[in-house]
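Each chain is listed here by its residues.
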Amino acid sequence: MNAIRKKKNVPILSVRDLKVHFSLPGKGFFGPERKLKAVDGINFDLFPGETLGIVGESGCGKSTLGRAILQLIPPTDGQVVWLGRDIVGAPHREMQPLRRDLQIIFQDPLASLNPRMTIGEIIAEPLVTHKPELGKDEIKARVKRMMARVGLLPQMINRYPHEFSGGQCQRIGIARAMILEPKLIICDEPVSALDVSIQAQIVNLLQELQREFDLSLIFISHDLSIVRHICHRILVLYLGNLMELADRDSIYAAPKHPYTKALISAVPIPDPEIERTKERIVLTGDLPSPINPPSGCVFRTRCPFAKDVCATDVPSVDTINDQHQVACHFHERM
Amino acid sequence: MTNHILTVENLRARFQTPDGEVEAVNDINFHIDPGETLGVVGESGSGKTQIFLAVMGLLAKNGKATGTVRYKDKDILNIPSRQLNKIRGVTMSMIFQDPMTSLNPFLKISKQMTEVLVEHRGMSEGDALKRAINMLDRVGIPGAAQRVHMYPHEFSGGMRQRVMIAMALLCDPEVLIADEPTTALDVTVQAQILDLLRDLKKDFNTAIVMITHDLGVVAGLCDRVMVMYGGRIVETGTVRDIFYDSHHPYTEGLLKSMPRIDTASEEHLFAIPGQPPNLQNLPKGCAYQERCAYVMDRCCVSRPGLFGFDDGRASACFREDGQ
């Protein structure tokens, strides 16, 4: 990570105070409109060739954040600076050419492929949209090359998605995202739906492609073991708020936020001796509703270390060193 | 006479499909003792769920099970559902992966929970409700007395899974079959549910079958492990045997390919090459041959049976053939 930063210390993407609020109808007929704060003021930078992990429980806003960066969901407030330019609210006509460099891979590999298109058509579609000047033969050649690169047999080009297994469908999704040679891919839980033995194949493929094409990745996941393997830096989200952001080694070796600690200690380790003797922080209860989040620190209702101040004051995001940020009143004692 | 609470011998489950017969499960032999936790590990399509659907008499209509399933001394495979209903839901309960689809969305939790007690135990509605509230309390649902009157959609995912577990425990079952009970849940909630299962084992000596693909869950909870591949058991042993001294190449591959949260990672993750087998079109010989690093000529010709060795250990691989 340090090497990456020294080499190219200009971020490719800067997210500043990004907010996504959804309006909900009020309770009852005349009730006031309610706000669901899915993402509530997130800041981070992403550097070329870097993988940033976004982790958190379901409903913490990690997918919404990913989509808001791509302007697939319009942000309510804040900036998304892509290559030096704020793209929030950019008109479709200006956004379209930028999309060449910004791609996404989805969780459910089969559901994200059109069942009535052949996989050749699916993978070629971005080329047809963004590079209409290319001839048919050139498109076909590029599609076949990309299929071979992601581990699909090029002679399968005329088959349909349902003829493929989950792992192969995810390869098709990756080929579609890679065909324009983008600079950033947002991977939204790309391996969660896959079997263990196939997960490793897809994770390796993503890492190879990253090295080969100097890709930046945003890896959204709830699986902290895989995140540790693939990500350089990790952002921990809870109810749309940043809890902790640090490089991989600090976050796993010395987490400063109680939520990060609890999350890491809850992941089962495939080793009976370690798993049965390790120290665990068990959180009680469930994620509160994002419509009516707790006052002060949003995590306080489940935090084993919460004090009075946590209910009244929102903790600021403190910078411990330039690699490590944490939003907790008591992070110095952690 | 043994004190096995559940004994399965030569269990086979076949399905008639438009594309021909599919053998989902083959040659399954195992037993569970009271208070024991058996982990059943395998990928999707390995047959791990079908074994227990067959045991519970819940196979799909086009499926047929043969072999022997004994609850204590009583043969329960393919007996009429009226007799089976005296056992399932009472002394043997099953919880499923997706709690929302296993609960009736039209009925209040109270109705769904008391029904079992009124039906099987002949309790009065009032007593049954009291017991239901008690049980919800036990599985950690706050405000159980009020929440028992809610509908399933008013609960979060973790709470719904607790309701399912509470329901399965109403009649004090001796065997609890849990089919991926935590797969759909967040890790922090998963940890709560696993603690709950551990308590059950301790407090009531319940025998638990944990069907899962997560080896971490197995490591923390199980006593013995059964690894499934292509509809067959490929390795069995104690949890220590499997994790520290695995014999079957598939078990070995599975363990190696799991990224671990407690170790800084290496550059490349070990990956088992290829795809899980298609049950409709299994290769001749060993089902794992195409993905196996140790494949020999004979693996492609004949299928290795389970080679037993040591104490209760077995591996379905010709490498154990003592040659």
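Rules used throughout
- Residues numbered from 1 in each chain as written.
- Chains lettered and ligands numbered in written order.
- Predicted model: local features only at pLDDT ≥ 70, side-chain atom pairs only at ≥ 80, totals over all residues.
- Heavy atoms only, no water.
- Pairing = 2+ DSSP bridges.
- Helix = DSSP H or I, 4+ residues; strand = E, 2+ residues; numbered from the N terminus.
- Contact = heavy atoms within 4.5 Å.
- Axes fitted to C-alpha atoms, helices over the stretch in contact; angles between N-to-C directions.
- Phe/Tyr/Trp six-rings, centres within 6.5 Å; stacked < 30°, edge-to-face > 60°.
- Buried < 20%, exposed > 50% of the residue type's maximum accessible area, 1.4 Å probe, protein only.
- Salt bridge = Lys/Arg side-chain N within 4 Å of Asp/Glu carboxyl O.
- UniProt positions renumbered as here; feature names shortened; annotations may be inferred.
- pLDDT = per-residue confidence, 0-100.
- Expected span 1.5 Å × (residues − 1).
- Buried area = accessible area lost by both parts, 1.4 Å probe.
- Polar contact = N/O pair within 3.5 Å; in protein donor to acceptor, adjacent residues only side chain to side chain.
- Nonpolar A, V, L, I, M, F, W, Y, C, P; charged D, E, K, R; others polar.

Asks: I'd like a description of the sheet that holds strand S5 (residues 85-86) of chain A, backed by residues and values.
Replies: All names here are of chain A. Taken in spatial order, the 4 strands of this open sheet run S2-S1-S4-S5, and their pairing is antiparallel. Every other strand in the sheet has two partners, leaving strand S2 (34-46) and S5 as the edge strands with one partner each. By the bridge criterion, 5 bridges tie strand S1 (residues 13-24) to strand S4 (residues 77-82) in an arrangement that is antiparallel. Directly across from Leu13, in S4, lies its bridge partner Trp82. Along the sheet, helix H2 (residues 62-69) makes contact with S1, S2 and S4, crossing S1 at roughly 115°.

Asks: Which residues make up the packing of aromatic side chains, and what values go with them?
Replies: Counting across every chain of the model gives 8 aromatic pairs over all chains. Between the aromatic rings of Phe30(B) and Phe52(B), the centroid separation amounts to 5.6 Å while the plane-to-plane angle is 55°, which identifies the pairing as tilted. Pair noted here: Phe30(B) is in strand S2 (residues 20-32) and Phe52(B) is in helix H1 (residues 48-55), with a separation of 22 residues, a long-range link. Each member of the pair, Phe30(B) together with Phe52(B), is buried. Every member of this aromatic cluster is reached through a ring pair, and the members are Tyr238(A), Tyr259(A) and Phe299(A).

Asks: Tell me about the pattern of salt bridges, and name the residues and values.
Replies: Taken as a whole and judged by the stated rule, the model has 33 salt bridges over all chains. Two residues, Arg85(A) and Glu94(A), come together in a salt bridge whose shortest N-O distance is 2.6 Å. Its relative accessible area of 30% is what places Glu94(A) among the partly exposed residues. A salt bridge links Glu235(B) to Arg313(B); its shortest N-O distance comes to 2.5 Å. Here Glu235(B), found in strand S10 (residues 232-238), pairs with Arg313(B), found in strand S12 (residues 313-315); they are 78 residues apart in sequence, far enough to count as distant. Owing to a relative accessible area of 3%, Arg313(B) belongs among the buried residues under this scheme.

Asks: An account of the UniProt feature "domain: ABC transporter" (unreviewed entry) in chain A is needed here, citing residue identities and associated values.
Replies: With numbering aligned to this structure, UniProt lists the feature "domain: ABC transporter" (unreviewed entry) at residues 15-264 of chain A. For residues 15-264 of chain A, the helix share is 37%, the strand share is 26%, and the end-to-end C-alpha distance is 26 Å.

Asks: Give me the confidence of the model for chain B: which residues, what numbers.
Replies: When the pLDDT values of chain B are averaged, the result is 90; 98% of them are 70 or greater. Interface scoring of the predicted complex returns ipTM 0.85; its pTM is 0.88.

Asks: Talk me through the pairing of S1(A); I want residue IDs and the actual numbers.
Replies: As defined by bridge partners, S1(A) adjoins S2(A) across 10 bridges and the pair is classed as antiparallel. Bridge pairing in S2(A) places Val20(A) opposite Val39(A).

Asks: Could you give me a rundown of helix H7 (residues 196-213) of chain A, with the residues and numbers involved?
Replies: All names here are of chain A. For H7, with 18 residues, the first-to-last C-alpha span of 26 Å sits near the 26 Å given by 1.5 Å per residue. Extensive coverage of H7 is indicated by the burial of 14 of its 18 residues. Phi turns positive one or two residues past the end of H7, at Asp214, with a value near 55°.

Asks: Break down the environment of Tyr259(A) for me, with residues and values.
Replies: All names here are of chain A. On the secondary structure map, Tyr259 appears in helix H10 (residues 258-266). Each C-alpha atom of the pair Tyr259 and Leu209 lies 32 Å from the other, and the pair is 50 residues apart in sequence. Tyr259 has contacts with Gly56, Glu57, Val236, Leu237, Tyr238, Met243, Leu283 and Phe299, leaving out every residue within four places of it along the chain.

Asks: Help me get a handle on the UniProt feature "domain: ABC transporter" (unreviewed entry) in chain B, residues and values and all.
Replies: As recorded in UniProt, the sites labelled "domain: ABC transporter" (unreviewed entry) are residues 6-255 of chain B. Between the end C-alpha atoms of residues 6-255 of chain B the distance is 28 Å, and the span holds 39% helix and 28% strand.

Asks: Describe the interface of chain A and chain B, naming the residues involved and giving the relevant values.
Replies: Each partner contributes to the interface: chain A provides 42 residues, whereas chain B provides 49 residues. For the pair chain A and chain B, the two sides together bury roughly 3,900 Å², of which 53% comes from carbon and sulfur. Per-residue buried area on chain A facing chain B is highest for Val196(A), His229(A) and Pro270(A); these three make up 16% of the total on that side. Along the contact surface separating chain A from chain B lie 3 salt bridges. Between Glu273(A) and Arg240(B) there is a salt bridge, with the nearest N and O atoms lying 2.2 Å from each other. On inspection of chain A and its partner chain B, the count reaches 19 residue pairs in polar contact (both at pLDDT 80 or more). Breaking the side of chain A that touches chain B down by element, the ones donating at least two residues are H7, helix H8 (224-230), helix H9 (248-253), H10 and helix H11 (272-277) of chain A. For the side of chain A that touches chain B, the element with the highest residue contribution is H7(A), accounting for 10 residues. Grouping the constituent residues of the side of chain A that touches chain B by class yields 18 nonpolar, 11 polar and 13 charged.

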